[in-house]
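# Structural overview for review
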Amino acid sequence: MSFSGPKHYRVESAKSLKDRPSVRASVTSATDTFNANRSDAYSQIDSDLWRDWARDVKSHALTNLDQYLEQAETQLLANGAKVHWADTAHDALRLLEEIVRDHGISTAVKAKSMLSEELGINEHLEDLGVHVRETDLGEYIIQLIGEPPSHIVGPAIHRSLEDCQRLFHEKFGTPLDDGPDALAATAREALREEFLAADLGISGGNFLVAETGTVALIENEGNIRLSTSLPRVHIALVGIEKIVPRLEDVSGFVQLTSRAATGQPIGNFFSLIQGPKRDGDIDGPEEVHVILVDNGRTRLLADDKAWEALRCVRCGACLNICPVYRQTGGHPYGWTYSGPIGAIIAPGMLGIEEAMPLPYASSLCGACVDECPVRIPIPELLLHWREKAVEKGLTSAIESAGIKAYTKAAERPAIFRAAGAMLRHIPLEAGGRALPILSDWVKERSAPKSSKKSFMQQWKEGIE
Amino acid sequence: MKAALFATCLGDQFYADACADAVRLLRYAGVDVDVPQSQTCCGQPAYNAGRKPEAIRMAYQTLDTFDSADYVVLPSGSCAGMIRCFYPDLMNNELERAQDLAARTYELSHFLVEVLGIRDLGSGLKGKRIAYHHSCHALRELGVCDHPISLLKNCGAEVVSWEADEECCGFGGLFSAKLPEVSAAMADRKLDTLPGVDFVTSTDGGCLLQLSGRGDRHRLSVQFRHLASVLWEGVGL
Ligand code: SF4
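All of these numbers come straight from a predicted model, not from anything done at the bench.

Conventions and cut-offs
Residues numbered from 1 in each chain as written. Chains lettered and ligands numbered in written order. Predicted model: local features only at pLDDT ≥ 70, side-chain atom pairs only at ≥ 80, totals over all residues. Heavy atoms only, no water. Helix = DSSP H or I, 4+ residues; strand = E, 2+ residues; numbered from the N terminus. Rg over C-alpha atoms; globule rule 2.2 N^0.38 Å. Buried < 20%, exposed > 50% of the residue type's maximum accessible area, 1.4 Å probe, protein only. Areas by Shrake-Rupley, 256 points an atom, 1.4 Å probe, with all protein chains shown as cover. Near = heavy atom within 4 Å. Nonpolar A, V, L, I, M, F, W, Y, C, P; charged D, E, K, R; others polar. Salt bridge = Lys/Arg side-chain N within 4 Å of Asp/Glu carboxyl O. Disulfide = S-S within 2.5 Å. Pairing = 2+ DSSP bridges. Contact = heavy atoms within 4.5 Å. Axes fitted to C-alpha atoms, helices over the stretch in contact; angles between N-to-C directions. pLDDT = per-residue confidence, 0-100. Core = buried A, V, L, I, M, F, W, Y, C linked by side-chain atoms within 4.5 Å. Buried area = accessible area lost by both parts, 1.4 Å probe.

## Overview of the overall build of chain A
- Across its full length, chain A carries 23 helices and 10 strands.
- Taking 464 residues into account, the globule formula puts the C-alpha radius of gyration at 23 Å, and chain A, at 25 Å, falls close to it.
- Viewed in the frame of its principal axes, chain A has a C-alpha envelope of about 90 × 55 × 45 Å.
- Here chain A holds 464 residues, and the buried ones make up 59% of them.
- A total accessible area of about 19,100 Å² is found for chain A, and carbon and sulfur atoms account for 53% of it.

## As for the site of the ligand
- Taken together, Cys-312, Val-313, Arg-314, Cys-315, Gly-316, Ala-317, Cys-318, Ile-341, Cys-372, Pro-373, Val-374 and Ile-376 of chain A make up all the residues around the ligand.
- When the residues that make up the shell around the ligand are grouped by side-chain class, the tally is 10 nonpolar, 1 polar and 1 charged.

## Brief notes about the pattern of salt bridges
- Scanning the model with the defined rule gives 44 salt bridges over all chains in all.
- One continuous salt-bridge network, built from bridges that share partners, spans Asp-48, Arg-51, Asp-52, Arg-55, Asp-56 and Arg-375 of chain A.

## A short note on the state of the cysteines
Residue and element names in this part refer to chain B.
- Inspection of the entire model under this criterion finds 0 disulfides over all chains.
- Take Cys-79: it sits in no disulfide, and the sulfur closest to it among the cysteines is that of Cys-42, at 4.0 Å.
- Note on Cys-79: relative accessible area 12%, which makes it buried.

## Overview of the sheet that holds strand 6 (residues 214–219) of chain A
Residues and elements named next belong to chain A.
- The strand order 8-5-6-9 describes an open sheet built from 4 strands, whose pairing is mixed. In this open sheet, the two edge strands, each paired with only one partner strand, are strand 8 (243–244) and strand 9 (269–273).
- Pairing of strand 5 (residues 207–209) with strand 6, which is carried by 3 bridges, proceeds in the antiparallel orientation. If you follow Val-209 over to strand 6, its bridge partner there is Thr-214.
- Relative to strand 5, helix 12 (residues 247–262) is tilted by about 170°, and along the sheet it contacts strand 5, strand 6, strand 8 and strand 9.

## So, the confidence of the model for chain B
- In the predicted model, chain B carries a mean pLDDT of 96, and 100% of its residues have values of at least 70.
- Scored as a whole, the predicted complex attains pTM 0.96, and scored at its interfaces, ipTM 0.96.

## Topic: unusual backbone geometry
- Following Met-356 of chain A, the chain continues into Pro-357 of chain A via a peptide bond in cis, with omega recorded as 5°.
- With respect to the secondary-structure elements, Pro-357 of chain A resides in the loop between helix 17 (352–355) and helix 18 (378–391).
- Phi angles above zero are rare outside glycine, and Asn-295 of chain A is one such case at about 45°.
- As for its position among the elements, Asn-295 of chain A is in the loop between strand 10 (287–293) and helix 13 (297–301).
- Looking at Asn-295 of chain A, the relative accessible area reads 19%, which means it is buried.
- One non-glycine residue, Thr-8 of chain B, adopts positive backbone phi at about 75°.

## Details of the nonpolar core
- Ile-341, Ile-344 and Ile-376 of chain A together with Tyr-87 of chain B are the most contacted members of the largest nonpolar core, which totals 103 residues.
- Beyond its immediate stretch of four places on either side in the chain, Ile-344 of chain A contacts Leu-300, Ala-309, Ile-376, Ile-378, Leu-381, Leu-382 and Trp-385 of chain A.
- One finds Ile-149, Ala-157, Ala-164 and Phe-224 of chain B within the second-largest nonpolar core, a separate group that totals 64 residues.

## Overview of the interface of chain B and chain A
- Facing 65 residues of chain B, the contacting portion of chain A comprises 67 residues.
- When chain B packs against chain A, the two sides together hide about 5,700 Å² of surface, and 57% of this comes from carbon and sulfur.
- By the criterion of area lost to chain A, the three top residues of chain B are Gln-13, Arg-51 and Arg-217 of chain B, representing 12% of everything that side buries.
- The tally of links between chain B and chain A comes to 8 salt bridges.

Shown next as structure tokens:
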């Protein structure tokens, strides 16, 4: 299964709810845990202060992006890394292909990277005849199943323990009642061989430090450490928005991101990659390639409001708290990034036409704003994209006509009142089915019951 | 003390009795209540749909209606949030007037506690087990959190703890019609976690329509009642 774009969101979300109720159950319970842990972790620090700081550093970096990217490139080169620039996914895949050919690579291990999902790295490597293996446990599971990730941090969040037990039973013949630890041990065993055999390690990058040319990576399983140090070639795919000015910024970000993502004070492993193996180093790759990827990011940066979304550190907190995301997980969103962050970057990165109806996939409850470690004003940006959608005529004609008529009436209280009186006499349960907006409403719920007398009528008659 | 009641479009049609109870409650608290006749809709449906021009027109209608009121009280956190948090941005031509209106505008329980300084209304809810649903906009835009709960408790009610009490019910205005399946699943999350209570209450009619409509589909017997009516019962006259 691969993504088919956001436009099927309604159908896919409805299908998920109807046909796969276990997805909702798994996502709800996993996000409950994430939420409890994050709220604990936030409460142990002055999280407001930290989040203000993080917002300001990221905004500053984005406002001076050209300068910091150039500085990072200079430093990376000085560290002995090779630097490549990819404007599009296509460019990135072409660069990858060159490296694979130049080094005669036949097997690759991958550390978890959403950017690599965005670019379609796995499919491309397989087309080139390279055997590629995901090494993050969640990624490994969904690779075996053949699914894209459903969450930025927990890619297999939509899968239950039973799903994994069945999968491992089929693939490895393990007992059906193996617990999570036993399953992880089985995966580790299988992955060890793959690590030792791989010619190429592919990772993303959580942060790129301009001052020192350092790629910083946070993880819990140790697989990133192995993927980036065992194979003879390492490719780091880094979005251009990942830049931070100074090495000491990373120290703050790694803690805040860990707290926001999993509620840990800091991830179990934290790697700072400074370039290839040097004389005297015991291990490390012979070559390090950093591919700096745009793929729609400068387009998003050019938007006067939505550029703020580029501060995102992909912690997943907004997904975990989002009551919309929690019902279905990420797949119905139809592209790599789901939940609130997915809905606000899709219009900028893919184009608003391609991103519909994601800006509307929110009740605007505002729960995400209170959690985002870099204070992205998510509901504001959802509204911003809704406005753009209306400007471009991407919403339904019925809705448009309805709101215009409603507005006209609202400016004429007598007409508004008369229309209200009429509405009250429609039997909504039956008649509602014929009305454009209500018909969908009453599909899922009983129709609202109008009051016997409107309040304005009661007021006129006198309230005792 | 004088205050104008803004019943809101939804309140006027679907929660008329609750609006009347809000009038009774305010009068009982010694407020001279007025209901300006030119009130219609605060503009939130258009605003949330991404239609600012229409939202601005309704905002002006509302601004003109309540220009001279000392306070504007709404039996809705959502519409009060619209006026308080978004009008100043929408009407930058009349920034001062919009800010002035925003500062005078309150959700009902917020007004009772913050402006009138009321703690105890009566003891009419003795023995009642109530679940309180936090409307997102009351909670996150207005910071209305303990106000309604403490009023309910002081009327003798037991406000039962509810794991999903701060989660969105899935109404979201047009959202509930555009994406009815996800919206209904959101309501189900609330209903599935609901403890045994006499009734559920909230500041907002929109949330109550959503929850009661879905509850009715599931043939739940629990009632969903507007906070204004519950508090009026709490007075216990
Ligand atoms: S938008 Fe904020 S909360 Fe959501 S993933 Fe990005 S950083 Fe985390």
